[in-house]
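Take a look at the letters that make up each chain.
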Amino acid sequence: MRLSRYFLPVLKETPSDATIVSHRLMLRAGMIKQEAAGIYAWLPLGFQVLKKIEQIVREEQVRAGAVELLMPTLQLADLWRESGRYDDYGQEMLRIADRKKTDLLYGPTNEEMITDIFRAYVRSYKALPLNLFHIQWKFRDEVRPRFGVMRGREFLMKDAYSFDIDEASARKAYNRMFIAYLNTFARMGLKAVPMRADTGPIGGDLSHEFIILAETGESQVFCHKDLVEMGAPGANVDWDNLQGLVDQRTGLYAATEEMHDQARFEAEVPDASRLSARGIEVGHIFYFGEKYSKPMKAVVAGPDGVEKPVHMGSYGVGVSRLIGAIIEASHDDNGIIWPDSVAPFDVQLINLKTGDAACDSACQGAYEALTKAGKAVLYDDTDDRPGAKFATADLIGTPWQLVIGPKGLAAGEVELKRRATGEKTSQSLDAALNRLTA
Ligand code: 5CA
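Residues numbered from 1 in each chain as written. Predicted model: local features only at pLDDT ≥ 70, side-chain atom pairs only at ≥ 80, totals over all residues. Heavy atoms only, no water.

Side note on the sheet that holds strand S6 (residues 103-106)
Item 1. Read from one edge of the open sheet, 3 strands run S4-S6-S5, paired in antiparallel fashion. Strands with a single pairing partner mark the edges of an open sheet, and in this sheet they are strand S4 (74-76) and strand S5 (94-97). Across the sheet, the mean angle from the axis of one strand to that of its neighbour is 40°, orientation sign disregarded.
Item 2. In this structure, S5 lies alongside S6, joined through 4 bridges in antiparallel fashion. Directly across from Ile96, in S6, lies its bridge partner Leu104. (Pairing = 2+ DSSP bridges. Helix = DSSP H or I, 4+ residues; strand = E, 2+ residues; numbered from the N terminus. Axes fitted to C-alpha atoms, helices over the stretch in contact; angles between N-to-C directions.)

Spelled out as structure tokens, the structure:
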């Protein structure tokens, strides 16, 4: 992509209404534009990152055995009347009436709808276990939308729903999502800690939140320090037998504020290992058994022919919130530092003297070679001064900067800069291209 043909409205000034660094940087880097409180337009750079994150989430869901579908954003109020949540949900729900005065709502979550889909088709235990997910926009009329995409009103969520014949099997489904979440967040360069959590309006009695530690986090959390460095188990696990891995991570104390028990914390965790910090909730998983299947009559016949309500769980990832969380975890004074896996571009190609025949031709060659090798290149071919080009590249956080200027070219050299470390090396253009495409 040539920057002169792209749409990257970077801001020079720091927006005054943004109080946390990820929100400020997303606005300054031209990733999002606020359209109403908690409602954002995703500009090209932000949209690119959103798609990358969505794809990682999708791949890890599929690896764990979940199947993708897509449910609508608008739902019938009558479905929610069946579960009893239509009145309970209160003012967070955006209620809408169509021209025929049918009550609709903009979905804040999809337990009712997926249960309705399930009961329409599934009659027998033979179709189980089943886990269906979608990645779809949600709306919650939050009292205090803030921190940019971190607490929006309209936000992108991955939500998965598992169906099992009994509690033992449902716990296996829960474990698969538990491990999939650790792998998902690790692929984005994040250290996520699973913590016992309150179930709120979703319900049930077993629930974990996945928390990224960050000073600007909205929740207070308490845990054993070792959990932060425990890492993700990776894809090569026995997906049918995950209890040991889950036990390892749930055996040490970790709780969000609502579930915190100070006496237990002090009794179970030695002083030096106690961590009390702020955290960002990037995922939340629930096991709630028959809470929806019973009132909505989603039943399956077991091997004995007897019909019983299916056991369910739901599993959410805050896809749009993750962008804020990643920036909170990875930035410096100059801007964003994208982990390679979610970066909107792999390489920023900086032409220090656009219009100079040698620079233009070397840049054009590099652009073509990198693009051919499958790299996403943002080529700064604008007339901006070198300082401004460097500042933009640092601000938008592209992992590599390839800098080509007249002096260097005369000496047979270009400069390669790694954004994360700031390390710069001079080398021939061929060597730099080899390095970037290795
Ligand atoms: N139905 C369940 C799981 S599918 C559910 O809705 N869970 S949730 O309420 O915990 O939301 C799932 C995830 O969505 C949260 O962990 C969080 O990362 C994200 N999320 C929730 N509310 C917002 C919001 N207002 N803005 C951005 N992300 C949000």
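Now that the structure has been shown, we can carry on.
What to know about the sheet that holds strand S22 (residues 414-418)
Item 1. Read across the sheet, 5 strands follow the order S20-S19-S21-S22-S23 without closing on themselves; strand pairing throughout is mixed. Bordering the open sheet on either side are strand S20 (377-380) and strand S23 (424-427), each of which pairs with just one other strand. Taking the axes of each pair of neighbouring strands and ignoring which way they run, one obtains an average angle of 20° across the sheet.
Item 2. Across 5 bridges, strand S19 (residues 347-351) lies against strand S21 (residues 400-404) in parallel orientation. Pairing of Val347 across the sheet is with Trp400, part of S21.

Some remarks on the environment of Phe147
Item 1. Take Phe147: it is sitting in the loop between strand S7 (130-139) and strand S8 (154-164).
Item 2. We classify Phe147 as buried; its relative accessible area is 16%.
Item 3. Among residues more than four places away in sequence, those in contact with Phe147 are Thr19, Ile20, His23, Thr216 and Glu218. (Buried < 20%, exposed > 50% of the residue type's maximum accessible area, 1.4 Å probe, protein only. Contact = heavy atoms within 4.5 Å.)

Some points on the domain arrangement of the protein chain
Item 1. Each domain of the protein chain was delimited in the assignment, giving domain 1 (3-336) and domain 2 (345-437).
Item 2. Each of domain 1 and domain 2 has a C-alpha centre, and the two are 38 Å apart.
Item 3. Every contact between the two is made by 14 residues of domain 1 and, on the other side, 13 residues of domain 2.
Item 4. Regarding the contact of domain 1 and domain 2, the summed buried area is about 1200 Å², with carbon and sulfur atoms giving 62% of it.
Item 5. Three residues stand out in domain 1 for area buried against domain 2, namely Leu3, Asn334 and Ile336, and they jointly supply 43% of the buried area on that side.
Item 6. Viewed at the interface, domain 2 and domain 1 are joined by 1 salt bridge.
Item 7. Residues Arg419 and Asp332 are paired through a salt bridge, measuring 2.8 Å at the closest nitrogen-oxygen approach.
Item 8. At the boundary of domain 1 with domain 2, the tally comes to 6 residue pairs in polar contact (both at pLDDT 80 or more).
Item 9. When residues of the side of domain 1 that touches domain 2 are traced back to their parent elements, those giving at least two are helix H1 (21-28), helix H2 (44-63) and strand S18 (335-336). (Domains from an automatic or database assignment. Buried area = accessible area lost by both parts, 1.4 Å probe. Salt bridge = Lys/Arg side-chain N within 4 Å of Asp/Glu carboxyl O. Polar contact = N/O pair within 3.5 Å; in protein donor to acceptor, adjacent residues only side chain to side chain.)

Examining the nonpolar core
Item 1. Of all hydrophobic cores here, the largest spans 70 residues; its most connected members are Met31, Ile53, Phe185, Met188, Phe210, Ile323 and Trp338.
Item 2. For this core, the leading source of residues is helix H6 (residues 167-187), giving 10 residues.
Item 3. Split by domain, the residues of this core number at least three in each of domain 1 (3-336) and domain 2 (345-437).
Item 4. Once residues within four sequence positions are removed from consideration, Phe210 is found in contact with Phe178, Tyr181, Leu182, Phe185, Ala192, Val193, Pro194, Ile280, Glu281, Val282, Gly283 and Ile285.
Item 5. Ala77, Leu79, Met113 and Phe288 belong to the second largest nonpolar core, which has 26 residues in total. (Core = buried A, V, L, I, M, F, W, Y, C linked by side-chain atoms within 4.5 Å.)

What to know about the site of the ligand
Item 1. Residues in contact with the ligand amount to 22 residues; listed here are only the nearest, Thr109, Glu111, Arg140, Glu142 and Glu281.
Item 2. In this structure, His284 approaches the ligand through a side-chain N or O atom, which is 3.2 Å from an oxygen atom.
Item 3. Considered on its own, the ligand offers 600 Å² of accessible surface; in the complex 96% of this is hidden by protein.
Item 4. When residues of the shell around the ligand are traced back to their parent elements, those giving at least two are S8, strand S13 (274-289) and strand S16 (311-318).
Item 5. The leading source of residues in the shell around the ligand is S13, at 5 residues.
Item 6. Its residues assigned to classes, the shell around the ligand comprises 8 nonpolar, 7 polar and 7 charged. (Near = heavy atom within 4 Å. Areas by Shrake-Rupley, 256 points an atom, 1.4 Å probe, with all protein chains shown as cover. Nonpolar A, V, L, I, M, F, W, Y, C, P; charged D, E, K, R; others polar.)

Here we look at the environment of Pro15
Item 1. By the element assignment, Pro15 lies in the segment before H1.
Item 2. Along the sequence, Pro15 and Arg28 sit 13 residues apart, while their C-alpha atoms lie 7.4 Å from each other.
Item 3. Residues contacting Pro15, with those up to four places away along its chain left out, are Arg24, Leu27 and Arg28.

Considering the side chain of His208
Item 1. Within the secondary structure, His208 sits in strand S10 (residues 206-213).
Item 2. Under the relative-accessibility criterion, His208 is labelled buried at 5%.
Item 3. Among the polar contacts listed, one links the side chain of His208 to the side chain of Tyr174, at a separation of 2.7 Å.
Item 4. If near-sequence neighbours (up to four positions away) are discounted, His208 is found in contact with Tyr174, Phe178, Pro194, Met195, Arg196, Ala197, Thr250, Gly283, His284 and Ile285.

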